[in-house]
Amino acid sequence: MAVEMASHSQVLVEEKTSVRILTLNRPKQLNALCFSMISRLLQLFLAYEENPNVKLIILKGQGRAFCAGGDVPPVVNDIKQGKWRLGADYFSDEYTLNYVMATYSKVQISILNGIVMGGGAGVSIHGRFRIATENTVFAMPETELGLFPDVGASYFLSRLPGFFGEYVGLTGTRLDGAEMLACGLATHFIPSTKLAALEADLCRIGSSDPNFISKILDAYSQHPDLKQGSGCYRLDAIDRCFSRRTVEEIISSLEREVTQEPYDWISETIEALKKASPASLKISLRSIREGRSQEVGECLIREYRMVCHVMKGEISKDFLEGCRAILIDRDRNPKWEPRRLEEMKDSMVDQYFKRVEEREDLKLPKRNNFPASAISKL
């Protein structure tokens, strides 16, 4: 009962005629998704899909974050206690929620008025409409933590222009609202001062027609200028470098690039890659590349295999070390193992893509009667 009450206070529900407004409500934790929040969101989304009176779902966050990601400390504690399977259970539920959102038959609008990272992307980017504002900060920082861009990121990053998804996923670079709109991660940019009026208009429409809803969003939407030095201006260079076959070749290509055009963003990109976990970089690159030819369900099933290996920690314990260095001790000085890219052999990378013997593959729910447009919303 206590857990149920907590989940109800951590996901607030407002019922407005045919609209349901769900607010992630752990502002002190930047709305990080704990197990009970994921379970509650999954319960609500499935119930709303069956309810003919519900036409539209709006998802937003309380405070300065939409959602800064998954609630990592409990997962780390489980691993330390030898209970890595509990961590795997967390990701199983999270990926199932991501799949339901990606194949949802009704319109989900996510209002990204603040920090959107990791698991926060998983509960928003798969939805039909994603609204960025001047306060939005997006990142997939997993390689810095010894993890990899998951929650279906190998699906949505691989569908960004050119090789921009590899750039975002490997480096953990931060994007603002204008950059999210430019690359397609956001569908609209709306100033935060207009959000209250937008919500009021959306609550009056009583329609589930995406085209009709889109016209309302378009009326509020703006097309802001990109900031000077944005990676969105460097797509040619990003494609030249991040289209390379291996992480080593990507870094070499960037190092050649910086001798010809000494831009700060190239140096910062090289630095970010050299700081990241070598194991994470290699499995992340392969994951995004495989995602290019897979549907979202296939991506999530593969990512679940990968995360089970990360939780088990037999190939590399970089996830524990990254969380220690970045989130717990905060010395920002992780001791990766393997230490160098060349020590992370292809045979080691291959292991992450095989099923862990003790775990079944992720069983995604059957999704019936959803429109073809729900299969891919990017």
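In this report, we go over the structure that sits alongside the text. (Residues numbered from 1 in each chain as written. Predicted model: local features only at pLDDT ≥ 70, side-chain atom pairs only at ≥ 80, totals over all residues. Heavy atoms only, no water.)

### Notes on unusual backbone geometry
In this structure, the amide linkage connecting Glu 337 to the following residue, Pro 338, adopts the cis form with an omega of 0°. Of note, Pro 338 is situated in the loop between α16 (318-328) and α17 (346-352). Residues other than glycine seldom take positive phi values, yet Leu 30 does so here, at roughly 55°. Relative to the helices and strands, Leu 30 resides in the loop between β2 (19-24) and α2 (35-50). Its relative accessible area of 22% is what places Leu 30 among the partly exposed residues. A positive phi is found at Arg 330, a non-glycine position, where the angle reads about 60°. By secondary structure assignment, the location of Arg 330 is in the loop between α16 and α17. (Helix = DSSP H or I, 4+ residues; strand = E, 2+ residues; numbered from the N terminus. Buried < 20%, exposed > 50% of the residue type's maximum accessible area, 1.4 Å probe, protein only.)

### A few points about the sheet that holds strand β5 (residues 107-112)
The mixed open sheet is built from 6 strands, whose spatial order is β1-β2-β3-β5-β7-β10. Two strands bound the open sheet, and with one partner strand each, they are β1 (11-16) and β10 (188-189). Looking at chain direction, β2 and strand β3 (residues 56-61) are connected through 6 bridges and run parallel. What sits directly across from Leu 24, in β3, is Gly 61. Running over the sheet, helix α9 (residues 195-205) touches β1, β2, β3, β5 and β7 (129-132) and is turned about 160° from β3. (Pairing = 2+ DSSP bridges. Contact = heavy atoms within 4.5 Å. Axes fitted to C-alpha atoms, helices over the stretch in contact; angles between N-to-C directions.)

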